[in-house]
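Listed below, chain by chain, are the residues.
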Amino acid sequence: MSPTSPARSASPASPARSASPASPKKHHPSPTRRLTTAQALVAFLARQYTERDGRRQRLISATWGIFGHGNVAGIGQALVEAGHGGNGSAHRMPYLQGRNEQAMVHAAVGYARQSGRLSAQAVTTSIGPGATNLATGAALATINRLPVLLLPGDTFATRPADPVLQQLEVPYAGDVSVNDCLRPVSRYFDRITRPEALIPAALQAMRVLADPAETGAVTLALPQDVQAEAYDWPEEFFAERDWHIRRPAPDTHELDAAVRAIRSARRPLIVAGGGVRHSAAEETLAAFTAATRIPVASTQAGKGALRHDHPADVGGIGHTGTATANELARTADLVIGIGTRFSDFTTASGTLFSNPAVRFLHLNITAFDAHKLAALPLVADARSGLEALTAALAGRGYRVDPAYETEYTGAKEAWEERVEASFATPDPTARPTQNQVLGLLDDLVTEEDILINAAGSLPGDLHKLWRTRSRDQYHVEYGYSCMGYEIPAAIGVLLATGTGQRTRPVWALVGDGTYLMNPTEIVTAVQENLPLKLLILQNHGYASIGGLSESVGAERFGTAYRHRDADGGFTGPPLPVDLAANAASLGLRVLRAATVDDLRKALSEARDAEGPTCVYVETETPDTVSGPPPAQAWWDVPVAETASRPAAVKAREEYDRQVAARRRHL
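Residues numbered from 1 in each chain as written. Predicted model: local features only at pLDDT ≥ 70, side-chain atom pairs only at ≥ 80, totals over all residues. Heavy atoms only, no water.

K.L.:
How would you sum up the sheet that holds strand β23 (residues 613-618)? Please name residues and give values.
P.N.:
Read from one edge to the other, the open sheet built from 6 strands follows the order β19-β18-β20-β21-β23-β22, with strand pairing classed as parallel. The sheet is open, and its two borders are formed by β19 (474-476) and β22 (589-593), each paired with just one other strand. Taken pair by pair, the neighbouring strands of this sheet meet at an average axis angle of 20 degrees, ignoring direction. By the bridge criterion, 3 bridges tie strand β18 (residues 450-453) to β19 in an arrangement that is parallel. What sits directly across from I452, in β19, is H475. Of the strands in this sheet, β18, β19, β20 (506-511) and β21 (532-538) are in contact with helix α18 (residues 486-497), which crosses β20 at around 175 degrees. (Pairing = 2+ DSSP bridges. Helix = DSSP H or I, 4+ residues; strand = E, 2+ residues; numbered from the N terminus. Axes fitted to C-alpha atoms, helices over the stretch in contact; angles between N-to-C directions. Contact = heavy atoms within 4.5 Å.)

Here is the structure:
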């Protein structure tokens, strides 16, 4: 029976309870619907909605899948039924075909982020390697607080054959399978060993996905025999449900303490994180800064909280931040975190906030994050908290000293001159540097465009230099910094933005190392005819790790894509790998650019293209004029304490000097 078939009465397998002899009325059994566990799950998912600020949308908009023996007869068959016929299109479950299980999760994460965490996607895989391939994507989702539903197949619950194909045998525990590796990277995990166990598990799964303080990867492991087992499901299970996305207001005691801290501050600095975006609090933040004139620095996830040309925006903070933001951080007496996890890149491994009198105030929907760095906590939704702070300060006339405002606006102007120098292209016939590539893209895009990146040297350059024009233009995944995220995430973003109107230009920026990690979802973009704009920067190696290797005394060992030399090293000629030809072989239209002029034309052509398009360029090693500004703050990567090679000895001396500045904020 189809998941959208009319309700049916209880079957003999699920008899109704007989009425009590003393009851004056005859008891009628509640209606049920006989479906397999997989059919019931898909039907349930298609009827879940989120609601926030009066806006309602599907919680699970589609299901990605690669099928094998662990899910083809269960979830696979259920998706066939859910995708055809039934009661109109409202409760259909669209299916998306992926090529790599990890990449499917990345695509779902990109979709969830672009959807403001109000809508998510499911990912189904077979048992064995299909399931374990989910682990990296699950970690990325959970670390970044982004919702995704994972539905891996599992070994038989009834164990008719033991072991079955791809089963992990654990001698001391018969109930362990490879799916248990997903437990530590999931915010909720359950194994559905009986059909009726799905009901509470599915409800808990939706609760976590829709909870702004708890969300991340959610895993329901589905034994393949249970997927195909029929059960009489209560009709109420398939009723439409709205999961309200709450906006908790701050506690009055915490709010009073926060207001006192702000009013006593002379050099306050806001650090805006991803929570500003997840809460859609950008306009509220702008109103708060208009009232107080407190400058705003941003983490990777928070970049775009204010437009780049907003007077209070001072750019990225931390190891990949701007000189403006980091100098303000060093002298700040109050650091106001809004929706940030305060990772080591943000704090420069505990060396950035060096004012002896510095205090912290953390506005965060998660108490765990709000208490970091021994901060005054303000546990609340970012928008609700900012509204409360603005109102509480309004009648007390707080505003930073005009001299402080003049200081940071002047420093911001000076930094812009460094950005212009890095973007400059004096010779249009030369091969461009990586930063010149970003400059050409900067000249081309509007607030419509979305840039996606995750790993390599690009995140650092983007965080320092990119001029963000809209709240969602800057999409850099730096919680997990996962190579291979960009292409599938761009597909997810395109699916979230292309709904009946002209699809926004979505750029996936990748280096050659990242491209080689995971190019397979190019095929999906071609299959769906999504206007992906893939920009491949070929620099023949792991550029960012090469630079890091040199700084810690490892002498760039193993970071270049080159033939071996006579001594067995990797200093020979570059490998004859043609990534442009590879992209073309997967179905992309490819535009090759050899010079600055070529690249300018290719980027413009790609932006206007209606189908998936790749721009390929080999970049030049930057010199001191056109290269990016160096790191403006430290990052702790331990250096060998003893070594015989001079490079490592020198690096250790520098490490000891830097680590001496670390402090614990207690």
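K.L.:
How would you explain the sheet that holds strand β3 (residues 55-58) if you had to name every residue and give the values?
P.N.:
Strand order across the open sheet formed by 3 strands is β3-β2-β11, with mixed pairing between neighbours. The open sheet is flanked by β3 and β11 (241-244), the only strands paired with a single partner. Neighbour-to-neighbour, the strand axes of this sheet turn through a mean angle of 30 degrees, independent of strand direction. Sheet topology places strand β2 (residues 48-52) next to β11; 4 bridges connect them, and they run parallel. Residue pairing across strands places E51 opposite H244, the latter belonging to β11.

K.L.:
Lay out the nonpolar core in plain terms, naming residues and giving numbers.
P.N.:
Core analysis: the biggest nonpolar cluster contains 52 residues, and I262, L285, I317, I338 and F353 have the highest contact counts within it. Residue contributions to this core peak at 6 residues, all from helix α14 (residues 382-394). In this structure, I338 is in contact with I270, V271, A272, G273, V276, L285, L363, A382 and L386, ignoring residues within four places of it in sequence. V185, A454, L532 and I536 belong to the second largest nonpolar core, which has 49 residues in total. (Core = buried A, V, L, I, M, F, W, Y, C linked by side-chain atoms within 4.5 Å. Buried < 20%, exposed > 50% of the residue type's maximum accessible area, 1.4 Å probe, protein only.)

K.L.:
Can you tell me about the pairing of strand β6 (residues 120-125), naming the residues and giving the values?
P.N.:
For β6, the buried fraction is high: 6 of the 6 residues fall into the buried class. Side chains A120, A122 and T124 project from β6 onto one buried face, and the interleaved Q121, V123 and T125 project onto a second face that is buried too. Sheet analysis places β6 next to strand β7 (residues 148-154), joined by 4 bridges and oriented parallel. In the sheet register, A122 faces β7, and the bridge partner there is L149.

K.L.:
Could you give an account of the packing of aromatic side chains, naming the residues involved and the relevant values?
P.N.:
Counted by the stated rule, this structure contains 13 aromatic pairs. On the basis of an interplanar angle of 25 degrees and a centroid distance of 5.4 Å, the ring pair of F67 and Y95 is categorised as stacked. Linking F67 in the loop between β4 (60-65) and α2 (72-82) with Y95 in strand β5 (residues 95-97), this pair joins segments that are 28 residues apart in sequence. On the accessibility criterion, Y95 (32% relative accessible area) is partly exposed. With a centroid separation of 6.2 Å and an interplanar angle of 75 degrees, the aromatic rings of F342 and F353 are classed as edge-to-face. A residue pair is termed long-range when its members are at least 10 positions apart, and F342 in the loop between β15 (334-338) and α12 (344-347) and F353 in the loop between α12 and β16 (359-364) qualify at 11 residues. This pair shows no difference in class: F342 is buried, exactly as F353 is. Grouped by ring-pair contacts, the aromatic residues F44, Y231, W233, F237 and F238 constitute a single cluster. The cationic tip of R56 hangs over the ring face of Y49; the distance from NZ or CZ to the ring centre is 3.7 Å. (Phe/Tyr/Trp six-rings, centres within 6.5 Å; stacked < 30°, edge-to-face > 60°. Lys NZ or Arg CZ within 6 Å of the ring centre and 35° of its normal.)

K.L.:
Describe in detail the side chain of S61, supporting the description with residues and values.
P.N.:
If you trace the backbone, S61 turns up in strand β4. Assessed through its relative accessible area of 17%, S61 is described here as buried. A polar atom in the side chain of S61 sits 3.1 Å from the side chain of Y111. In contact with S61, other than residues within four places in its own chain, are M93, P94, Y111, S119, A120 and Q121. (Polar contact = N/O pair within 3.5 Å; in protein donor to acceptor, adjacent residues only side chain to side chain.)

K.L.:
Requested: an account of the environment of S457, with residues and values cited.
P.N.:
Its location among the elements puts S457 in the loop between β18 and α17 (458-465). Exposure remark for S457: the relative accessible area of 23% places this residue in the partly exposed category. On a C-alpha basis, the gap between S457 and A543 in space is 6.3 Å, while along the polypeptide they are 86 residues apart. With residues up to four places along the chain from it excluded, the contact list for S457 reads Q434, A543 and S544. A polar side-chain atom of S457 sits 3.1 Å from a polar atom in the side chain of Q434.

K.L.:
Describe the environment of A197, naming the residues involved and giving the relevant values.
P.N.:
Secondary-structure assignment places A197 in the loop between β8 (188-191) and α6 (198-209). When its relative accessible area of 27% is taken as the criterion, A197 is described as partly exposed. It is 15 Å that separates the C-alpha atoms of A197 and V42, two residues lying 155 residues apart in sequence.

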